Amino acid sequence: MTELETAAQPLMFSVLIGLVSTEDSSRILETLDVLRKQAGGHGYEVLIGDRRNDAVSRKIASDYPEATLIPCPASASLPELRTAALDRAKGQYIIVTEDHCVPSANWLDSMVQAFRAAPAGTVAVGGCVENGVHDTALDWATFFCEYSYFLDPVHEGVGPVLPGMNVAYDRAIFQDLDRNLLTSGFWETTVHPVLLKAGKTLFSTNRIRLFHCKKFSFGLFARQRYIYSRYYAGLRFGPDQLLKKAIAFGVTPILPALLFYRMFKQIRAKGRLRAELMSALPYLAVFVVIWAWGEMMGYLLGSGDALARIE
């Protein structure tokens, strides 16, 4: 596309972020700095659902006029924060990321290119997630636990899976969506299945690159791993599916072995980071047990307030 054509059809992004981090909380400033230096000159706005309302919030308000802070209750969940941000969005494309994720220098441009390359009917594009904090084995363990599936290389082309914090949507899809889908869970688990069932297309490419940059303490990650697992299991089955809950509860003790198998399989398929995975094993052994315990409690007791405690 020529510069004249680009000017005639300007692209506008709305970047949605929930401000939730209790550790490494100033990382969002790096995110905002990198957005200012994006290749391609694409216009954007940043909409931040803010449940922290702290010194970082005040820094953003004073130094980043392109960002709009939306004060929210401390009890607001990440999906609720994102939905509050979505309500204020004006962009043609809606990007979802997190307050501890730092985009690549051509992040916005790569999303434009992905929508152009994708087939007709594509409503969302996403990419790969790399580890941006890797000083210690604990850093690698926290990353592998969450994002080994999304390491480069990810699947190139049409597929059913996109990372929930490195994704851009055509804004039009939100017009007819039930609001409960937006607020009741993470959009990759509530919205994406609905889009796929409606015959819409999701498109994945390694050109859309994001760095996960949160420096977790052991204690925080252990708590977050339990909370997320309980949230997931608590919502997996309806209240009338007691038999399925009982079966899932009964087989959960084998989950750590399955998780290890999955991580090793994914890293082998990527063809990289095997030494880093081995160094992370002691921490991963603890985290997968916590993961399984969280799921067992979710099947037994439900999700409780887990969704509102995820960061």
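First, a word on what this report is: a plain description of the structure on this page.

Criteria and thresholds
Residues numbered from 1 in each chain as written. Predicted model: local features only at pLDDT ≥ 70, side-chain atom pairs only at ≥ 80, totals over all residues. Heavy atoms only, no water. Axes fitted to C-alpha atoms, helices over the stretch in contact; angles between N-to-C directions. Helix = DSSP H or I, 4+ residues; strand = E, 2+ residues; numbered from the N terminus. Parallel < 35°, antiparallel > 145°, perpendicular 65-115°, else oblique. Left-handed = near helix turned anticlockwise from the far one by under 90°. Contact = heavy atoms within 4.5 Å. Buried < 20%, exposed > 50% of the residue type's maximum accessible area, 1.4 Å probe, protein only. Salt bridge = Lys/Arg side-chain N within 4 Å of Asp/Glu carboxyl O. Phe/Tyr/Trp six-rings, centres within 6.5 Å; stacked < 30°, edge-to-face > 60°. Lys NZ or Arg CZ within 6 Å of the ring centre and 35° of its normal.

1. Here's the deal with the packing of helix α6 (residues 137–147) against helix α12 (residues 274–301)
Put simply, α6 and α12 touch, their axes get as near as 8 Å, and they point 55° apart. When the axis of α6 is compared with that of α12, the two are oblique. As α6 runs across α12, the sense of the crossing is right-handed. Contact residues: α6 offers Ala137, Leu138, Trp140, Ala141, Thr142, Phe144 and Cys145, while α12 offers Glu276, Leu277, Ser279, Ala280, Tyr283, Leu284, Phe287 and Trp291.

2. Here's the deal with unusual backbone geometry
Following aspartate 152, the chain continues to proline 153 via a peptide bond in cis, the omega torsion being 5°. Position of proline 153 among the secondary structure elements: in the loop between α6 and β7 (157–158). Its identity as a non-glycine residue notwithstanding, aspartate 24 has a phi of 55°, on the positive side. Secondary-structure assignment places aspartate 24 in the loop between β1 (12–19) and α2 (27–36). Residue asparagine 53 is not a glycine yet carries a positive backbone phi of 50°. Within the element layout of this structure, asparagine 53 appears in the loop between β2 (43–50) and α3 (55–63). When its relative accessible area of 40% is taken as the criterion, asparagine 53 is described as partly exposed.

3. Here's the deal with the pattern of salt bridges
Scanning the model with the defined rule gives 15 salt bridges in all. In this structure, glutamate 30 engages arginine 27 in a salt bridge whose closest nitrogen and oxygen atoms are separated by 3.0 Å. Remark: arginine 27 and glutamate 30 occur in helix α2; sequence separation between them is three residues, near one turn of the helix. Relative accessible area serves as the criterion here: at 34%, glutamate 30 is assigned to the partly exposed category. With its nearest N and O atoms 3.6 Å apart, the salt bridge here joins aspartate 305 to arginine 309. What you see here is one network of salt bridges that share partners, running through Glu130, Asp152, Arg209 and Arg272.

4. Concerning the packing of aromatic side chains
Evaluation of the coordinates by the stated rule reveals 19 aromatic pairs. Ring geometry for tyrosine 149 versus phenylalanine 150: centroids 5.0 Å apart, planes at 85°, classification edge-to-face. Judged by relative accessible area, tyrosine 149 falls into the partly exposed class, the value being 43%. Each member of the aromatic cluster is reached from another via a ring pair, and the members are Phe216, Phe218, Phe221, Tyr283 and Phe287. Its guanidinium or amino end placed over the ring of tryptophan 291, arginine 225 lies 3.8 Å from that ring's centre, counting from NZ or CZ.

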